[in-house]
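Here are the chains, one letter per residue:
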Amino acid sequence: MSRRRALVASACLVAVLAAGVGTWAVIDLQAPASSAAETSTVKHPTTVVTKGDLTDSKVFAGTLGYGTASGVPGAAPGVLTWLPKPGEVIRRDEFLYAVDERGVRSMHGTVPLWRSLERGLRGTDVQQLNDNLAALGYDVAQDDTFGPRTQRAVQQWQKDRGHRATGVLTSADIAFVDGDVRVATVDGKLGQPAAGESGDVLSVTSTSRIVVATVSQRDAERLAVGTKVQIRINGSGAAMAGEVSDLQPSAGEDAESKVDVSVSFEPGSRKLPAAASAQIDAAGTTERGVLSVPVAALVTSGNGKYAVDVVRRDGTTKRVPVTPGLIADGRIAITGTVSEGDRVVVPG
């Protein structure tokens, strides 16, 4: 391309963007138009002007996985004698790890166990304990108080698992994790103290499949929590409905200007790999009942104005001025003296 032609194309592209036609299409602008009345013989493919809705959807590249891992600290005193394997799913009341051949069991909760739980205490950790005991079928009041009913339930829970019924729970008995979890990594080593210098015995994730994409702050505006999207795994297969479930500042490069977007979805009976590339298709602005043509049909007059070459019945063309609008899926909305069904030139 000559320097002059490159400068003209660049200037025209800036003009199109300034007109508010969007930022998600590359426009190959054609040779300048001289007059709205200019005619010529058709030498290129043609297409028709259509009327309908345009939505400026955008596709984001992401990865399929299980979400961000969180650590499970080794709080129990003693030596590690059993550890799960990466990929194992640990549910409520199952072993997270074992110390001195005594299993530390999983209980659901967002607040970690920071003290021994015993009669007379109140707090969120006690509420979590009562909720777990109730879910396991024990008779407790589902409040934040460790009263006589909770004490009896704890004693019965201990008996059922072959432990001495003290009525007190410590870090040697349970650890709170955020629901059923999948083991991401095993950081502790058998024979070493559970409460070692590294702090975490395991790292775990959710058991649910999610897609995560890192996007700009501007793109994150169209991906608020609760936004409905479409996802595709490995760029193939049928798209699946998803929903944005979380937004977090990115921990990677340019973290201040990037956002990690998590999308949850239900794969149903579809078998998915443990990890894969993924695409998130998010809809944006919609304009309804607009006339549109392929972006390549748009030509420029060289002064910031645009036109399309309309094909006449005798096979000649007439260059008709138009005002460009929203760009979506390779098409651009136009207004001017054109009608639905008009045939326009699409230069090669």
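Since we're looking at a predicted model, the values are computed, not measured. (Residues numbered from 1 in each chain as written. Predicted model: local features only at pLDDT ≥ 70, side-chain atom pairs only at ≥ 80, totals over all residues. Heavy atoms only, no water.)

Caption draft 1: Representation of the environment of valine 181 within the structure. Relative to the assigned elements, valine 181 resides in strand S11 (residues 181–186). Here valine 181 falls in the buried class, since its relative accessible area comes to 3%. Along the primary structure valine 181 and serine 106 are separated by 75 residues, whereas in three dimensions their C-alpha atoms are 9.2 Å apart. Filtering out sequence-adjacent residues up to four positions away, valine 181 remains in contact with Glu88, Val89, Ile90, Val204, Thr205 and Thr207. (Helix = DSSP H or I, 4+ residues; strand = E, 2+ residues; numbered from the N terminus. Buried < 20%, exposed > 50% of the residue type's maximum accessible area, 1.4 Å probe, protein only. Contact = heavy atoms within 4.5 Å.)

Caption draft 2: Main features of the pairing of strand S4 (residues 58–65). Sheet topology places S4 next to strand S17 (residues 276–282); 7 bridges connect them, and they run antiparallel. What sits directly across from lysine 58, in S17, is alanine 282. (Pairing = 2+ DSSP bridges.)

Caption draft 3: Representation of the sheet that holds strand S13 (residues 210–216) in the model. On the basis of which strands lie adjacent, the closed barrel formed by 6 strands has the order S4-S13-S16-S15-S14-S17 and antiparallel pairing. In this sheet, neighbouring strand axes are inclined to one another by 40° on average, regardless of whether the strands run parallel or antiparallel. In this sheet, strand S16 (residues 258–265) lies alongside S13 in antiparallel orientation, the contact comprising 7 bridges. In the strand pairing of S16, valine 215 is matched with valine 259. (Axes fitted to C-alpha atoms, helices over the stretch in contact; angles between N-to-C directions.)

Caption draft 4: Geometry of the sheet that holds strand S10 (residues 174–177). The 4 strands are arranged S6-S8-S9-S10 in an open sheet whose pairing can be described as mixed. A strand with exactly one partner marks an edge of an open sheet, and here the two such strands are strand S6 (80–82) and S10. When the angles between neighbouring strand axes are averaged without regard to direction, this sheet yields 35°.

Caption draft 5: How the structure looks around the side chain of arginine 105. Counting through the fold element by element, arginine 105 comes out in strand S9 (residues 102–108). Nearest to the buried, unbridged arginine 105 among oppositely charged side chains is aspartate 93, at 4.0 Å. One polar contact links the side chain of arginine 105 to the main-chain carbonyl oxygen of aspartate 93, over a distance of 2.7 Å. (Lys, Arg positive; Asp, Glu negative; His and termini not counted. Salt bridge = Lys/Arg side-chain N within 4 Å of Asp/Glu carboxyl O. Polar contact = N/O pair within 3.5 Å; in protein donor to acceptor, adjacent residues only side chain to side chain.)

Caption draft 6: Structural detail: the environment of arginine 313. The residue arginine 313 is located in the loop between strand S20 (306–311) and strand S21 (316–328) in this model. In this structure, the C-alpha to C-alpha distance between arginine 313 and arginine 343, residues 30 residues apart in sequence, is 9.7 Å.

Caption draft 7: Structural view of the confidence of the model for the chain. Of all residues in the chain, 85% attain a pLDDT of 70 or more, and the chain-wide mean is 86. Here residues 1–37 is a poorly scored stretch, pLDDT under 50, and it has 50 contacts once near neighbours within four places are set aside; other chains count. (pLDDT = per-residue confidence, 0-100.)

Caption draft 8: Highlighting unusual backbone geometry. Although it is not a glycine, aspartate 93 sits at a positive phi angle of roughly 75°. Along the chain, the position of aspartate 93 falls in the loop between strand S7 (89–90) and strand S8 (95–99). Overall, the relative accessible area of 10% leaves aspartate 93 in the buried class. Positive phi, normally seen in glycine, also occurs at aspartate 329, with a value near 55°. Counting through the fold element by element, aspartate 329 comes out in the loop between S21 and strand S22 (331–336).

Caption draft 9: Geometry of the pattern of salt bridges. Across all of its chains, the model carries 10 salt bridges by this definition. Notably, a salt bridge pairs aspartate 56 with arginine 222, separated by 3.7 Å at the nearest N-O pair. With aspartate 56 in the loop between strand S3 (50–55) and S4 and arginine 222 in the loop between helix H4 (217–220) and strand S14 (228–233), the pair connects residues that are 166 residues apart, well separated along the chain. Across the pair, exposure class does not vary: aspartate 56 and arginine 222 are buried alike. Here arginine 149 makes a salt bridge to aspartate 139, at a shortest N to O gap of 2.6 Å. Within this pair, whereas arginine 149 is found in helix H3 (residues 148–160), its partner aspartate 139 is found in the loop between helix H2 (124–135) and H3, the two being separated by 10 residues in sequence. For arginine 149, a relative accessible area of 35% puts it in the partly exposed group.

Caption draft 10: Representation of the packing of aromatic side chains within the structure. Tallied over the entire structure, the rule returns 1 aromatic pair. Aromatic side chains tryptophan 82 and phenylalanine 95 sit 6.4 Å apart centroid to centroid with 65° between the ring planes, which places their arrangement in the edge-to-face category. Of this pair, tryptophan 82 sits in strand S6 while phenylalanine 95 sits in strand S8; the two residues are 13 residues apart in sequence, bridging distant segments of the chain. Owing to a relative accessible area of 33%, tryptophan 82 belongs among the partly exposed residues under this scheme. You can call phenylalanine 95 partly exposed: its relative accessible area is 36%. The ring centre of tyrosine 66 lies 4.0 Å from the NZ or CZ of arginine 182, which sits over that ring. The side chain of arginine 209 reaches across the aromatic face of tyrosine 66, ending 4.2 Å from its centre. (Phe/Tyr/Trp six-rings, centres within 6.5 Å; stacked < 30°, edge-to-face > 60°. Lys NZ or Arg CZ within 6 Å of the ring centre and 35° of its normal.)

Caption draft 11: Looking closely at H3. In a regular helix each residue adds 1.5 Å, so 13 residues correspond to 18 Å; H3 covers 18 Å between its end C-alpha atoms and thus fits that length. Within the sequence span of H3, burial applies to Thr150, Gln151, Ala153, Val154, Trp157 and Gln158. Buried residues of H3 fall within an arc of 165° about the axis and therefore sit on the same side. Seen from the open side of H3, the exposed residues pointing more than 90 degrees away from its buried face are Arg152 and Lys159. Where the residues of H3 are buried, they touch S9, H2 and S10. (Expected span 1.5 Å × (residues − 1). Arc of directions from axis to C-beta.)

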